[in-house]
Amino acid sequence: MMNEQDYYLTKIGEECAEITQRIFKLFQFGPAEVEPGQLRSNLQRVHSEILDLEATLTLARERLTIPPRPDRFVEIVDKRRERMNKYKQLSVDLGRIEK
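Residues numbered from 1 in each chain as written. Predicted model: local features only at pLDDT ≥ 70, side-chain atom pairs only at ≥ 80, totals over all residues. Heavy atoms only, no water.

## So, the pattern of salt bridges
- Going through the model one piece at a time under the given rule, you end up with 5 salt bridges.
- In this structure, the salt-bridge partner of lysine 79 is glutamate 75, at a minimum N-O distance of 3.4 Å. Note that lysine 79 and glutamate 75 are positioned in helix α3 (residues 73-93) at a spacing of 4 residues, about one turn of the helix.
- What makes glutamate 75 partly exposed here is its relative accessible area of 37%.
- One salt bridge in this structure joins arginine 81 and aspartate 78, with 2.8 Å as the shortest N-O distance. Here arginine 81 and its partner aspartate 78 are both found in helix α3, 3 residues apart, which amounts to about one turn of the helix.
- With relative accessibility at 45%, the residue arginine 81 sits in the partly exposed group.
- A relative accessible area of 39% means that aspartate 78 is categorised as partly exposed. (Salt bridge = Lys/Arg side-chain N within 4 Å of Asp/Glu carboxyl O. Helix = DSSP H or I, 4+ residues; strand = E, 2+ residues; numbered from the N terminus. Buried < 20%, exposed > 50% of the residue type's maximum accessible area, 1.4 Å probe, protein only.)

Here's what the structure looks like:
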């Protein structure tokens, strides 16, 4: 049986999986494609799933002992940006991403 923490962590995982699925659909069919029966493009649906994840994280923080963003959150984002840029440049150098 799940406890409340398990429930919220499961919901966070589900939202991450939904984002992953929508991103794969976007790459397979293109960002502007609208799936038959849907009203929004793949890119709009990715954005919607990201908002769902942000909302789920907010609800989890309200109910669980997940601390709020630390004071050094800007520093964490900066380090993440640096790391992502490093690997993006490697992908550019390997010809996997357009310059």
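Now that the structure has been shown, we can carry on.
## Regarding the packing of helix α1 (residues 4-29) against helix α2 (residues 42-63)
- In contact at an axis separation of 9 Å, α1 and α2 are set at 170° when each is read in the N-to-C sense. Between α1 and α2, the crossing angle belongs to the class labelled roughly antiparallel. Judged by the twist between their axes, the crossing of α1 over α2 is left-handed.
- A breakdown of the residues in the contact of α1 with α2 according to their chemical character gives 14 nonpolar, 2 polar and 10 charged. (Axes fitted to C-alpha atoms, helices over the stretch in contact; angles between N-to-C directions. Parallel < 35°, antiparallel > 145°, perpendicular 65-115°, else oblique. Left-handed = near helix turned anticlockwise from the far one by under 90°. Nonpolar A, V, L, I, M, F, W, Y, C, P; charged D, E, K, R; others polar.)

## With respect to the confidence of the model for the protein chain
- Residues at a pLDDT of 70 or more form 100% of the protein chain, whose mean pLDDT is 94.
- Looking across the protein chain, the model is least confident in α3, with a mean pLDDT of 94, and most confident in α1, with 97. (pLDDT = per-residue confidence, 0-100.)

## Observations concerning the environment of glutamate 82
- Inspection of the secondary structure puts glutamate 82 in helix α3.
- A residue is classified by how much of its surface remains accessible, and glutamate 82, at 61% relative accessible area, is exposed.
- The sequence separation of glutamate 82 and threonine 58 amounts to 24 residues, and the corresponding C-alpha distance is 26 Å.

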